[in-house]
2 protein chains.
Amino acid sequence: MNTSGFHVAVVGATGAVGQQMLHTLDKRDFPIKQLTLLSSARSAGSSVTFRGKEWKVEEAKPESFEGVDIALFSAGGSVSKLLAPEAVKRGAIVVDNTSAYRMDPDVPLVVPEVNEEDIKLHKGIIANPNCSTIQMVAALEPVRKEYGLTKVIVSTYQAVSGAGAAAIDEMHEQSQAILNGDSFEPSVLPVKGDKKHYQIAFNAVPQIDMFQDNGFTFEEMKMINETKKIMHMPSLKVSATCVRLPVVTGHSESVYIEVEKDSVSVKELQSLLQEAPGVTLQDIPEEQVYPMPAYAVGKPDVFVGRIRKDLDEDNGFHMWIVSDNLLKGAAWNSVQIAESLVKLGLVK
Amino acid sequence: MNTSGFHVAVVGATGAVGQQMLHTLDKRDFPIKQLTLLSSARSAGSSVTFRGKEWKVEEAKPESFEGVDIALFSAGGSVSKLLAPEAVKRGAIVVDNTSAYRMDPDVPLVVPEVNEEDIKLHKGIIANPNCSTIQMVAALEPVRKEYGLTKVIVSTYQAVSGAGAAAIDEMHEQSQAILNGDSFEPSVLPVKGDKKHYQIAFNAVPQIDMFQDNGFTFEEMKMINETKKIMHMPSLKVSATCVRLPVVTGHSESVYIEVEKDSVSVKELQSLLQEAPGVTLQDIPEEQVYPMPAYAVGKPDVFVGRIRKDLDEDNGFHMWIVSDNLLKGAAWNSVQIAESLVKLGLVK
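Computed from a prediction, not measured in an experiment: that's the story for all the values here.

> For this particular structure, what's the right way to read the overall build of chain A?
A count of helices and strands for chain A gives nine helices and 14 strands. Here the C-alpha radius of gyration of chain A, 20 Å, is about what a compact globule of 348 residues would show, namely 20 Å. Seen through its principal axes, chain A has C-alpha atoms that stretch 60 × 55 × 40 Å. Per-residue burial over chain A gives 61% buried out of 348 residues. For chain A, the share of sequence-separated contacts (at least 6 apart) that also reach a separation of at least 24 residues comes to 66%.

> Please clarify how the state of the cysteines should be interpreted in this entry.
One way to say it: the disulfide is the covalent bond shared by the sulfur atoms of two cysteines. All names here are of chain A. Summed over the entire model, instances satisfying the criterion amount to zero disulfides over all chains. Unpaired in terms of disulfides, Cys-131 finds its nearest cysteine sulfur in Cys-242, a separation of 8.9 Å. For Cys-131, a relative accessible area of 13% translates into the label buried. Accessibility expressed as a relative area gives 0% for Cys-242, which makes it buried.

> How should the packing of helix H4 (residues 131-147) of chain A against helix H6 (residues 218-230) of chain A be read in this particular structure?
The description of two packed helices rests on the angle between their axes and on the distance between the axes. Residues and elements named next belong to chain A. Remark: H4 packs on H6, axes separated minimally by 9 Å, with the N-to-C direction vectors making an angle of 40°. Between H4 and H6, the interaxial angle falls into the category oblique. Pair H4 / H6 crosses with right-handed handedness. The residues of H6 that touch H4, namely those facing Cys-131, Ser-132, Thr-133, Met-136 and Val-137, are Glu-219, Lys-222, Met-223, Glu-226, Thr-227 and Ile-230. Looking at side-chain class alone, the contact of H4 with H6 contains five nonpolar, three polar and three charged residues.

> Is there a simple way to explain the relation of the copies chain A and chain B in this structure?
Both copies of the chain are tied together by a single rotation about an axis and a shift running along it. By a simple turn and slide, chain A fits onto chain B: the slide is 0.0 Å along the axis, the RMSD is 0.0 Å, and the turn is 180°. The transformation just described matches what one would write down for a two-fold rotation axis. A share of 100% of the interface residues of chain A reappears at the interface of chain B, consistent with the copies meeting face to face through the same patch.

> Explain the sheet that holds strand S14 (residues 316-323) of chain A to me, please; I cannot follow it from the model alone.
Strands belonging to one sheet form pairs held by backbone hydrogen bonds; the direction of such a pair is parallel or antiparallel. Residues and elements named next belong to chain A. Strand order across the open sheet formed by six strands is S10-S9-S11-S14-S13-S12, with mixed pairing between neighbours. The open sheet is flanked by strand S10 (237-241) and strand S12 (279-281), the only strands paired with a single partner. Between one strand axis and the next, the sheet turns through 25° on average, direction left out of account. Across the sheet, H4 touches strand S9 (149-157), strand S11 (251-259), S12, strand S13 (302-309) and S14, and the angle it forms with S11 is around 25°.

> It is not clear to me how the domain arrangement of chain A should be interpreted in this structure. Could you clarify?
How big an interface is tends to be expressed through the accessible area that disappears when the partners come together. All names here are of chain A. Here chain A is partitioned into domain 1 (6-129 + 330-343) and domain 2 (133-325). Taken over both partners, the interface formed by domain 1 and domain 2 buries close to 1400 Å², and the fraction arising from carbon and sulfur atoms is 67%. It is Met-103, Glu-113 and Val-114 in domain 1 that bury the most area against domain 2; as a group they hold 34% of the surface buried on that side. Here domain 1 is connected to domain 2 by one salt bridge. Between Glu-226 and Arg-102 there is a salt bridge, with its nearest N and O atoms 3.2 Å apart. Linking domain 1 with domain 2 are six residue pairs in polar contact (both at pLDDT 80 or more), by the criterion used here. Taken together, the residues of the side of domain 1 that touches domain 2 break down into nine nonpolar, four polar and four charged.

> How do you make sense of the packing of aromatic side chains when you look at a structure like this?
Where two aromatic rings form a pair, the distance of their centres and the angle of their planes describe that pair. Scanning the entire structure with this criterion turns up 15 aromatic pairs over all chains. With 6.0 Å between their ring centres and 45° between their planes, A:Phe211 and B:Tyr290 make a pair best called tilted. One end of the pair, A:Phe211, is in the loop between helix H5 (165-180) and H6; the other, B:Tyr290, is in the loop between strand S12 (279-281) and helix H8 (293-296), on a second chain. This pair shows no difference in class: A:Phe211 is buried, exactly as B:Tyr290 is. Judged by centre distance (5.0 Å) and plane angle (70°), the rings of B:Tyr157 and B:Trp320 are edge-to-face. In this pair, B:Tyr157 sits in strand S9 (residues 149-157) while B:Trp320 sits in strand S14 (residues 316-323), placing the two residues 163 residues apart along the sequence. Accessibility assignment for this pair places B:Tyr157 and B:Trp320 in one class, buried.

> I tried to follow the UniProt feature "domain: Semialdehyde dehydrogenase NAD-binding" (unreviewed entry) in chain A on my own but got confused; where do I start?
The positions that UniProt labels "domain: Semialdehyde dehydrogenase NAD-binding" (unreviewed entry) are, in the present scheme, residues 7-122 of chain A. Strand forms 27% of residues 7-122 of chain A and helix 25%; the C-alpha atoms that close the span are 19 Å apart.

> When you look at the environment of B:Ser334 in this model, what are you seeing that I'm missing?
All names here are of chain B. Tracing the sequence through the fold places Ser-334 in helix H9 (residues 327-343). With 265 residues separating them in the primary sequence, Ser-334 and Asp-69 have C-alpha atoms 14 Å apart. Ignoring sequence-local partners within four residues, the contact set of Ser-334 consists of Met-21, Leu-72, Val-95, Asn-97 and Asn-128.

> Just to check I follow, could you spell out the sheet that holds strand S10 (residues 237-241) of chain B for this structure?
Residue and element names in this part refer to chain B. With mixed pairing, six strands are arranged side by side in an open sheet as S10-S9-S11-S14-S13-S12. Edge positions in the sheet fall to S10 and S12, since each of these pairs with one other strand and no more. Averaged over all neighbouring strand pairs, the angle between strand axes comes to 25°, with direction disregarded. Pairing between strand S11 (residues 251-259) and S14: eight bridges, direction antiparallel. Counterpart to Ser-252 in the pairing with S14 is Val-322.

> Would you mind going over the UniProt feature "binding site: phosphate" (unreviewed entry) in chain A with me for this structure?
Residue and element names in this part refer to chain A. Mapped onto the present numbering, the UniProt feature "binding site: phosphate" (unreviewed entry) falls on Arg-102. Take Arg-102: it is sitting in the loop between strand S7 (93-96) and helix H3 (112-115). Once you skip the residues sitting within four places of it in the chain, Arg-102 turns out to touch Asn-97, Val-107, Leu-109, Ala-127, Asn-128, Pro-129, Asn-130, Lys-222, Glu-226 and Lys-229. In this structure the side chain of Arg-102 is engaged in a polar contact, spanning 3.1 Å, whose partner is the backbone oxygen of Thr-98.

So, how was this worked out
Residues numbered from 1 in each chain as written. Chains lettered and ligands numbered in written order. Predicted model: local features only at pLDDT ≥ 70, side-chain atom pairs only at ≥ 80, totals over all residues. Heavy atoms only, no water. Helix = DSSP H or I, 4+ residues; strand = E, 2+ residues; numbered from the N terminus. Rg over C-alpha atoms; globule rule 2.2 N^0.38 Å. Buried < 20%, exposed > 50% of the residue type's maximum accessible area, 1.4 Å probe, protein only. Contact = heavy atoms within 4.5 Å. Disulfide = S-S within 2.5 Å. Axes fitted to C-alpha atoms, helices over the stretch in contact; angles between N-to-C directions. Parallel < 35°, antiparallel > 145°, perpendicular 65-115°, else oblique. Left-handed = near helix turned anticlockwise from the far one by under 90°. Nonpolar A, V, L, I, M, F, W, Y, C, P; charged D, E, K, R; others polar. Least-squares fit on C-alpha atoms with pLDDT ≥ 70 in both. Pairing = 2+ DSSP bridges. Domains from an automatic or database assignment. Buried area = accessible area lost by both parts, 1.4 Å probe. Salt bridge = Lys/Arg side-chain N within 4 Å of Asp/Glu carboxyl O. Polar contact = N/O pair within 3.5 Å; in protein donor to acceptor, adjacent residues only side chain to side chain. Phe/Tyr/Trp six-rings, centres within 6.5 Å; stacked < 30°, edge-to-face > 60°. UniProt positions renumbered as here; feature names shortened; annotations may be inferred.

Written as structure tokens, this is what we have:
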């Protein structure tokens, strides 16, 4: 551990994303002078290993943030709503991985490859976008910059780890029950707090998060609204259909886009994305090279493939975007924001 | 068994679709006077139960079709190419469930709810469309008729049973291996005859059938071309992304459409599809009612839900279409064509 560095707090340290945050902070050798691991009262008291040392996890309280420079929140929206302002009040900069502040006009919503400069406008809180949004905008921003972007229609193929550890357990248990010919009772997915629960093993469930009045789910509206905010394109046409799959980790997206510039070729798009920061092109159809979630797990990049020209719309293209939803979709993007704070000299 | 009725042959009687064909013929009480069960040399000699009786499966040969009135083919494209003309030569009408003749201008491609009248133009062979096409056009035809249809963008979520029994076995074995922490070697999916094989359990694979020169897969081109042919809309804008999932049976589709008529409401679309033949509306978001593959298995209908208006395009709508790919996608549609042949007096 560096003796020079920052006092970092991780809120939700025992959760799936919190664990990945610690792993990523370590891997990136983030300059940490002091570490405070926080959680709900329920998980408080447990221990977590970081840089070869056992750390006690304490219950997150307002006074836990005394002296903290950067607080990474990933313990649910209600915890963020309650405690992020308390952390800010005590001088911390909050990187919040929940949906609590994402659409707040005073809160920058940041994917560093796309809108790192927005971090400078922060008033204490910086929001980490929704996992399915992050990977999409990381792939679309280079396209927007070079060719202009007018329309996005996305259908997602999302992993259960986005719904937390209980959803992963449920999927594994259901899978085993079905393979054994045993019965089971769904109790977590599609949404823990919603009325009905459905089988996820060997199924596809077209509901992620709660339904809104317009028939879209909250997850779909997150993708639509966050994309416009991050890309600074309030009038971009975006629509989304979000579907949960029996995949542990790794979100996939079938994305149709229309660009402004005429006569763009697939080769040009491929070259552009090959060079794009944080993006890895996997697009050789004749050798069956394309991204897949099971092979993207544990990697920080956004993988893009299956790029092809629409057969009817001259400016229309299709692509397939895959990324580890716990890394680029959550922990890695949060740590990237923390790194940007350091790089931009915004944290002392 | 009726003594009046038809001499029916099922080619590929031991396969997954062949078995469903027999089951459906029985369930529909199809008038069968004589039954001839055929297969490849490999499966010949085995026995199959139909209407409480054991039937011997014989090797399919040109002379097997002597006296046959209706021959249901589902034993792969090469068998159809070789033997369908032989069956026709001997007076049989062929309902072919492979891709061998689908785009042949002399062969009607039929989904009875959509274009039953096309059957009258047959010259011996009637083609059963691709599974993912059938369920989509069954849901879109009522929309086209009432409001006009200009554009379709579909992303599919397809079950492994579409790739045959070996693909189902592979998925189950891989799932168990992963749950046990054991290693495994993919050998069937995404395409048995292609060079590389990938994990399907807990994964999503954006390749169904072989890649074409334009970057689309053959499955995607089937959806595009067959939709235009069945709906008699050569200039309809259609594009498709086809993805294989760890689902045993039941294809799902996220479909974006644009209609011609202005100011169509979601309620109007719902009412229309509620009355549409072969379609069951499952669309009550506030009660979490929407179609899912695991709950559609064994049912002949096409299930439609998640109908919502696009937030940017006035004439744009999204929907989620699910059906049992072995039934409406294959066996049931073939038997429906046979029933139409009888109803239209085209078979004596």
